[in-house]
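Geometric and topological summary
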Amino acid sequence: MPERTPPISSRKAKGEPKPELALGTPLAGIRGIGQALGAKLATLGLTNIGKLIAHLPMRHEKLEAETPIDELVPGQIGSARGEVANTRIVRRGRARFEAVIVDDTDRLDAVWFNQAYLGERIRPGMRIRVQGKCQKFGPGVQMVNPRFEILPHAGQETTAMGNAVPSIAEPGMHEERLRPVYPASEEVNSRAIERAIAKVIDAAIPLIEDHLDDAFRSKRNLAPLAQAYRLYHAPKEPAEVLSAQRRLAYDELLLLQLGVHMKRMHLREGLKAPVLKWTEQIDEHIRRRFPFELTSAQNGVIKDMIADLGTRTPTNRLIQGDVGSGKTIVALYGMLLAVASRHQAALMAPTEILAEQHHASISRVLAGSTVRIELLTGSTPKPQRGEILARLSEGKVDILIGTHSLLTESVRFKSLAVSIVDEQHRFGVHQRAAIRAKADDAGTTPHVLVMTATPIPRTLAITLFGDLDISTIKALPPGRRPVRTTVAGLDRRLEIYESILPRFDAGEQAFVVVPAIDPGADPQSAAAPAEELADVRTVLSDLEKGPWKGRRLAGIHGRLNRQSRDSIMERFRAGQVDAIIATTVIEVGVDIPNASVMIVENADRFGLAQLHQLRGRVGRGSRESVCILLADPATEEGMQRLRVMEKTADGFVLAEKDMEIRGPGELFGTRQSGLPPFKVADLMRDRELLAMARRDAAEWIRRSPLLNRPEESLVRRRLLKAYGPSLGLGDVG
Ligand code: ADP
Ligand code: MG
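What you see is a predicted model, and the numbers here were worked out from it, not measured in a lab.

Within the chain one finds 23 helices and 23 strands. Put simply, of all contacts in the chain between residues at least 6 apart along the chain, 74% involve residues at least 24 apart. Split by element, the accessible area of the chain, about 32,800 Å² in all, is 51% carbon and sulfur.

Shown next as structure tokens:
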């Protein structure tokens with residue numbers, strides 16, 4: 001992971017008479033931190049004051065005001081402190097650990113279920129603070145599973161983890177307080193970090209330089225950076241956390257957007273792409289090949305594309321359209337424009353199955369033309385691969401279709417003008433950069449068009465793909481019938497499989513999607529008790545013996561070799577197989593118009609966006625299609641989530657919902673995108689800040705494309721440190 005910007009420059013504040021500490025001062029030497037704690041903090045990379053101050057809390061926890069034990073109120077959250085009078089571990093029934101806590105006023109019973117190990121930590125004679133919901137218990141009060149903190153004896157503090165750290169004065173415990181919760185580790189817990197920060201914060205704050213000037217800040221109602229750091233580490237009230245959070249989140253978003261816009265500006269100004277001319281004859285020539293009239297939604301996007309490709313500025317456009325909206329043909333139009341100008345085009349798909357399918361369908365559309373098409377994937381045999389590469393570099397291949405293997409060093413084009421990336425959500429920023437690097441000898445760089453059928457919520461699109469222009473195919477081709485979606489419990493499984501039989505008799509086909517390939521534990525949750533997951537092998541044999549006996553069934557998954565997979569898909573396409581039982585290898589792109597049934601087993605294991613993709617495999621022909629989601633979700637929430645699928649067919653709505661429920665990281669994985677995760681910003685919560693940061697960054701880069709004015713040196717340095725490597729700003733900076 002790229003290093004984060006320490007938000008603090010190592011320069012000392014001007015005009016300070018005798019600066020005792022600097023941001024670069026090592027922690028181990030600081031009074032009150034010392035060698036032992038210093039060494040532990042170093043394991044988190046926190047070696048000096050600046051780095052420690054840049055280590056921000058993940059969240060803030062409310063500490064209730066303490067009361068004497070006899071003032072705790074049953075039914076309410078309360079907090080109290082006292083001495084542990086005695087403890088016991090109960091192993092029969094529900095195993096639990098119990099402690100009796102006494103103060104001058106009364107006794108309190110604390111009980112922790114399934115945490116017998118607390119017996120090692122909480123011992124009679126210790127002073128302890130507990131916080132939790134109070135319940136009536138006999139004549140007194142009980143807390144169940146309270147949060148606790150072991151309090152120091154005179155002169156020494158012991159943290160809840162049992163580490164001894166030097167004592168600091170406890171803040172007033174009779175008021176509510178917000179405690180920062182830090183990313184911590186085995187060696188050093190959040191409390192120890194909090195105390196170390198308390199040691200240095202007063203000295204550190206005046207050293208923090210702001211990269212935004214007063215006027216800029218006050219116009220946007222943003223706190224000064226130093227103040228934001230102080231409030232985030234040591235807030236007195238929630239409003240202070242919010243104010244700090246606003247500034248710090250804005251900074252993260254602004255720096256990313258500055259990087260994205262800088263990169264984009266660089267592309268515009270610095271790189272040249274082939275100009276692809278468009279004429280009515282060329283247009284007519286291309287469209288003559290197409291098996292159908294394009295929809296006006298498709299034509300709209302093609303218009304954007306023609307305008308892009310006709311300039312020397314490398315195109316960088318995201319084409320998003322819901323599942324089945326017909327992006328492939330739009331991509332093909334772009335590729336054929338390249339070929340018409342005697343250049344080459346590439347189409348990159350996320351899976352081999354999809355690459356194979358594109359190759360087959362494009363070959364069909366272009367059958368009888370002079371366009372030379374080749375397929376290159378990880379499964380292409382070596383000799384054949386060598387031969388394709390040789391012809392490619394001589395310009396004897398017009399369209400190359402493949403997987404990410406197209407990105408490898410050995411793949412050289414003679415004159416690549418258009419690169420299409422299908423299903424972008426599977427590719428990150430890095431890959432896009434690698435594609436663009438496939439420049440030819442003349443030093444031109446290709447136009448890049450990125451297709452996605454997983455609609456990207458606007459917020460994410462802006463963040464991750466802010467360097468792209470966006471076109472959307474808003475409508476589906478005519479004649480599509482909506483897919484009827486049903487959520488059903490496992491008790492209806494047999495009945496549901498049987499209900500499909502008449503469809504087979506009518507010549508229709510089905511997909512059954514399962515989460516696993518083989519029987520066995522769920523690889524995703526090694527710790528959790530293994531839930532029974534449907535797998536290709538078991539479901540296939542169950543169906544063969546049971547409800548679908550005598551039907552032509554086949555299993556497909558990622559471990560199958562290409563030939564077997566190809567031949568199954570071919571037989572399915574030709575109607576020689578009634579149903580395919582598959583893992584999510586068929587999730588994206590697979591286009592079999594005759595398939596009208598999608599059954600998903602363990603549907604609660606999939607994200608909404610993914611289910612929507614799967615559902616998109618049917619409803620492509622004129623037949624009335626069904627999508628059946630089989631699941632018995634363990635929670636009401638899980639059920640609600642699946643019900644959303646019944647209610648909406650709009651991929652954008654689903655994607656937004658998915659992001660709300662599972663978080664953006666789950667959906668696209670910032671890791672996958674190649675960007676470092678945000679520490680403070682939250683794309684759901686901070687939508688408005690993001691919009692503001694985006695506007696500000698665009699405006700700023702327009703005025704100063706390289707951020708090289710003297711007053712910008714701080715923001716530039718912080719930007720390059722945070723996002724330089726991940727955005728590939730090396731050539732810019
Ligand atoms: P996606 O956007 O999901 O990649 P595809 O490009 O695979 O969608 O198209 C889905 C199906 O719709 C394909 O069978 C394709 O041939 C068909 N199709 C695309 N555009 C049209 C159109 N304008 N009229 C009729 N069918 C179309
Ligand atoms: Mg597609």
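Glancing now at the sheet that holds strand β19 (residues 509–513). In space, the six strands of this open sheet follow the order β18-β23-β22-β19-β21-β20, with parallel pairing throughout. The sheet is open, and its two edges are formed by β18 (484–488) and β20 (553–556), each paired on a single side. Across the sheet, the axes of successive neighbouring strands diverge by a mean angle of 15°, strand direction being ignored. Strand direction decides the pairing type here: β19 and strand β21 (residues 579–582), joined by four bridges, are parallel. The residue bridging Phe 511 from the neighbouring strand is Ile 580, located in β21. Against the sheet, helix α16 (residues 536–545) engages β19, β20 and β21, with an angle of about 175° to β20. Contacts between helix α18 (residues 608–615) and the sheet are confined to β18, β19, β22 (595–600) and β23 (626–630), with β22 contributing the most and set at about 150° to the helix.

Attention now moves to the side chain of Glu 374. Mapped onto the fold, Glu 374 is located in strand β13 (residues 373–376). On the basis of relative accessible area, Glu 374 is assigned to the buried category, the value being 18%. Among all residues touching Glu 374, those that are not within four sequence positions of it are His 359, Ile 388, Arg 391, Val 397, Ile 399, Leu 400 and Ile 401.

Another point: unusual backbone geometry. The phi dihedral of Asn 145 falls on the positive side, at around 45°, and the residue is not glycine. Looking at where Asn 145 falls in the secondary structure, it is placed in the loop between β6 (140–144) and β7 (147–151). Judged by relative accessible area, which is 38%, Asn 145 ranks as partly exposed. For Asn 602, which is not glycine, the phi torsion reads 50° and is therefore positive. Assignment of secondary structure puts Asn 602 in the loop between β22 and α18. Residue Asn 602 is classed as buried on the basis of its relative accessible area, which comes to 10%.

Time to look at the site of ligand 1. Lining the immediate environment of ligand 1, one finds 16 residues, of which Gly 324, Lys 327, Thr 328, Arg 480 and Asp 591 sit closest. At 2.6 Å, a side-chain N or O of Lys 327 approaches an oxygen atom of ligand 1. Contact distances for ligand 1 include 3.3 Å between an oxygen atom and a side-chain N or O atom of Arg 620. If ligand 1 stood free it would expose 560 Å²; the protein chains cover 84% of that surface. With respect to the pocket detection grid, ligand 1 is positioned in the largest pocket.

This part is about the sheet that holds strand β14 (residues 399–402). The sheet built from seven strands is open, its strands ordered β13-β14-β12-β15-β16-β11-β17 with parallel pairing. Sheet topology places β13 and β17 (469–473) at the edges, where each strand pairs with a single neighbour. The mean inter-strand angle of the sheet, taken between neighbouring strand axes irrespective of direction, is 20°. Inspection of the sheet shows strand β12 (residues 344–348) paired to strand β15 (residues 416–421) by five bridges, in the parallel sense. Residue pairing in the sheet places Leu 347 in a bridge with Ile 420 of β15.

Here we come to the packing of aromatic side chains. As enumerated under the stated definition, the model contains six aromatic pairs in all. On the basis of an interplanar angle of 75° and a centroid distance of 5.7 Å, the ring pair of Trp 112 and Phe 148 is categorised as edge-to-face. Pair noted here: Trp 112 is in strand β4 (residues 107–113) and Phe 148 is in strand β7, with a separation of 36 residues, a long-range link. The same class applies to Trp 112 and to Phe 148, which are both buried. Feature note: the residues Phe 97, Trp 112 and Phe 148 constitute an aromatic cluster, connected by ring pairs. For Arg 220, the ring lying beneath its charged end belongs to Phe 216, and the centroid distance is 3.6 Å.

Turning our eyes to something else, we now look at helix α1 (residues 34–42). Three or more residues of α1 are buried, namely Leu 37, Gly 38 and Leu 41. When α1 is viewed along its axis, its buried side chains cluster within an angular range of 105° and face the same direction. Set apart from the buried face of α1 by more than 90 degrees, the exposed residues are Gln 35 and Ala 36. In this fold, the buried residues of α1 make contact with α3 (190–204).

Further remarks concern the environment of Leu 108. Mapped onto the elements, Leu 108 comes out in strand β4. The spatial distance from the C-alpha of Leu 108 to the C-alpha of Asp 70 is 8.6 Å, given a sequence separation of 38 residues. Apart from the residues within four sequence positions on either side, Leu 108 is in contact with Ile 69, Leu 72, Ala 99, Val 100, Ile 101, Val 130, Val 141, Gln 142 and Met 143.

For the chain, per-residue confidence averages 83 on the pLDDT scale, and 84% of positions sit at 70 or higher. Considering only residues more than four positions removed or in separate chains, one finds that residues 521–530, a stretch of pLDDT under 50, has five contacts. In the predicted structure, residues 665–673 sits below a pLDDT of 50 and forms 22 contacts with residues beyond four places in sequence or in another chain.

All chains considered together, the criterion is met by 42 salt bridges. One salt bridge connects Arg 391 with Glu 387, and the closest N-O pair in it is separated by 3.4 Å. In this pair, Arg 391 and Glu 387 both sit in helix α11 (residues 382–393), four residues apart, roughly one turn of the helix. The exposure class assigned to Arg 391 is partly exposed, which follows from its relative accessible area of 21%. Measuring nitrogen to oxygen at the nearest pair gives 3.7 Å for the salt bridge that ties Arg 573 to Glu 570. With Arg 573 and Glu 570 both in helix α17 (residues 562–573) and three residues apart, this pair spans about one turn of that helix.

Calculation criteria
Residues numbered from 1 in each chain as written. Chains lettered and ligands numbered in written order. Predicted model: local features only at pLDDT ≥ 70, side-chain atom pairs only at ≥ 80, totals over all residues. Heavy atoms only, no water. Helix = DSSP H or I, 4+ residues; strand = E, 2+ residues; numbered from the N terminus. Contact = heavy atoms within 4.5 Å. Areas by Shrake-Rupley, 256 points an atom, 1.4 Å probe, with all protein chains shown as cover. Pairing = 2+ DSSP bridges. Axes fitted to C-alpha atoms, helices over the stretch in contact; angles between N-to-C directions. Buried < 20%, exposed > 50% of the residue type's maximum accessible area, 1.4 Å probe, protein only. Near = heavy atom within 4 Å. Polar contact = N/O pair within 3.5 Å; in protein donor to acceptor, adjacent residues only side chain to side chain. 1 Å grid on protein atoms, 1.4 Å probe; cavity = no way out; pocket = protein on both sides within 12 Å on 5 of 7 lines; lining within 4 Å. Sits in = over half its atoms within 2 Å of the grid points. Phe/Tyr/Trp six-rings, centres within 6.5 Å; stacked < 30°, edge-to-face > 60°. Lys NZ or Arg CZ within 6 Å of the ring centre and 35° of its normal. Arc of directions from axis to C-beta. pLDDT = per-residue confidence, 0-100. Salt bridge = Lys/Arg side-chain N within 4 Å of Asp/Glu carboxyl O.

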